[in-house]
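Reading the structure
As a plain string of letters, each chain reads:
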Amino acid sequence: MDILGAAGRINVQGEEQQKLDVLANEVMKEALRHTGRVSLMASEEEEDPIPADPSAASGKYVVLFDPLDGSSNIDVNVSIGTIFSIQRRVSADGCANVIDCLQKGREQVAAGYVMYGSSTVMVYSAGNGVHCFTLDPVIGEFRLINHDVETPTTGKYYSINESNYTRWSPGYQKVVRCFKGVDDEGTGKNARYIGSLVADFHRNLLTGGVFMYPADTKSPKGKLRLLYEACPLAFVAEQAGGAASDGTRPILDIEPTELHQRTPLVIGSRDDVAFVERTLQEVEATVQ
Ligand code: AHG
Ligand code: MN
Ligand code: MN
């Protein structure tokens, strides 16, 4: 099957689409459009919201997704994933519209991800804890392997693309120096960075740790997408006792204004996220 390599197109994010990005997007749309429950979809790969079949126009839910997360890892057999967010439709009769998509993460009905790694796992929360399933290929079903997952309050890992160091604010530079133990108040963490958000998040969820993708001089609003990546993972993180922030406020409290809005993201163990927020604030205060 012809699934490797670039599709030869640039998506709405300005990124080169891989063939698997396109395929995963089609699979998601196909799986959701006939359910009767979903009236509208929104995808990282498409500029506009995608209506479900006309027969589903009264569906109560809207689903937003990153069909394939970790595009740069596809052709090298490194873990990748799919992230989804489910919102309750708020518009009255007629066709659901973009307003139904632009709801705060706090309003999510459910959210989660599937990770295609050494096994295929699905992790989700419907607002009542976080539950992990593993795909059993023999029976073709997901088996519950871990329910009510609680993430450690502090972790041993920090995850960030450190090649961007010179592009970060002094606050993030300080945070990373502390995690490396360079500065006095060093917390001495170990570094882990895969480059697939799902995989970095999943590891840190289970072992404890903090993932960061700050705004930088190349991406002044951050790289990651609020509605397809940050909000669903923030929902899972909070439900597991962790936290997610844009550096100053909880991700779940951000009022979205655009479908493809980007955000800085600090996510993972509660005390580690709090440490990052506090350090950013302290450095900001001394710089002014
Ligand atoms: P996507 O493949 O959906 O575009 O997402 C890629 C994201 C995310 O998975 C990862 O955390 C981040 O990009 C990695 O970015 P860098 O290569 O800049 O570190
Ligand atoms: Mn992604
Ligand atoms: Mn993607």
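As a reminder, the structure under discussion sits directly above these lines.
Figured I'd write up the structure that's included with this text. A quick note: this is a predicted structure, and the numbers were derived from the prediction, not measured.

Our focus in this paragraph is the overall build of the protein chain. Each helix and strand counted, the protein chain has six helices and 17 strands in total. Computed over the C-alpha atoms, the radius of gyration of the protein chain is 19 Å, within 12% of the 19 Å expected from 2.2 N^0.38 for a compact globule of 288 residues. With respect to the three principal axes, the spread of C-alpha positions in the protein chain is 60 × 45 × 40 Å. Summed over its atoms, the accessible surface of the protein chain is roughly 13,400 Å², and 51% of this surface lies on carbon and sulfur atoms. Taking the average location of the 27 positive side-chain charges in the protein chain and that of its 39 negative ones, the two points are 2 Å from each other.

All right, on to the pairing of strand β13 (residues 209-213) then. In terms of residue burial, β13 counts as a mostly covered element, since five of its five residues are buried. Sheet analysis places strand β11 (residues 157-159) next to β13, joined by three bridges and oriented parallel. Paired with Tyr158 across the strands is Val210, a residue of β13. Examined bridge by bridge, β13 and strand β17 (residues 265-268) share four bridges and lie antiparallel to one another. When the sheet's bridge partners are listed, Met212 is paired in β17 with Val266.

This part is about the site of ligand 1. Around ligand 1 lies a shell of 18 residues, among which Asp69, Ser71, Asn161, Tyr193 and Tyr213 are the nearest. Asn161 has a polar side-chain atom sitting 2.7 Å from an oxygen atom of ligand 1. Contact with the protein chains removes 86% of the 470 Å² of surface that ligand 1 exposes when unbound. For the shell around ligand 1, the secondary structure elements donating two or more residues are β5 (61-69), β13 and β14 (224-225).

Our focus in this paragraph is the environment of Pro214. Here Pro214 lies in the loop between β13 and β14. Note: C-alpha distance between Pro214 and Asn164 (50 residues apart in sequence) is 9.3 Å. Other than its neighbours up to four places away in sequence, Pro214 contacts Ile160, Trp168, Tyr172, Gly222 and Pro264.

Attention shifts here to a nonpolar patch on the surface. On the surface, Val76, Val78 and Ile194 cluster together into a nonpolar patch covering about 210 Å² of accessible area. As for its position among the elements, Val76 is in the loop between β5 and β6 (80-88). Owing to a relative accessible area of 53%, Val76 belongs among the exposed residues under this scheme.

Let us now look at the coordination of the manganese ion (ligand 3). Around the manganese ion (ligand 3), the protein contributes the donor atoms Glu44 (OE), Asp66 (OD) and Leu68 (O), at 2.2 to 2.3 Å from the metal centre. Of note, the donors binding the manganese ion (ligand 3) are all from one chain and are spaced E-x21-D-x1-L. The distance between the manganese ion (ligand 3) and the manganese ion (ligand 2) comes to 3.8 Å, with Asp66 serving as a donor to both metals. Here Asp66 lies in strand β5 and Glu44 lies in the loop between β3 (38-43) and β4 (50-51), a separation of 22 residues in the sequence. Here Glu44 matches Asp66 in class, with each residue buried.

Cut-off values and rules
Residues numbered from 1 in each chain as written. Chains lettered and ligands numbered in written order. Predicted model: local features only at pLDDT ≥ 70, side-chain atom pairs only at ≥ 80, totals over all residues. Heavy atoms only, no water. Helix = DSSP H or I, 4+ residues; strand = E, 2+ residues; numbered from the N terminus. Rg over C-alpha atoms; globule rule 2.2 N^0.38 Å. Areas by Shrake-Rupley, 256 points an atom, 1.4 Å probe, with all protein chains shown as cover. Lys, Arg positive; Asp, Glu negative; His and termini not counted. Charge placed at Lys NZ, Arg CZ, Asp CG, Glu CD. Buried < 20%, exposed > 50% of the residue type's maximum accessible area, 1.4 Å probe, protein only. Pairing = 2+ DSSP bridges. Near = heavy atom within 4 Å. Polar contact = N/O pair within 3.5 Å; in protein donor to acceptor, adjacent residues only side chain to side chain. Contact = heavy atoms within 4.5 Å. Patch = residues over 30% accessible without salt bridge, like charges linked within 9 Å, V, L, I, M, F, W, Y side chains within 5 Å. Salt bridge = Lys/Arg side-chain N within 4 Å of Asp/Glu carboxyl O. Donors = N, O, S within 2.8 Å, 3.2 Å for Na, K, Ca; no water.

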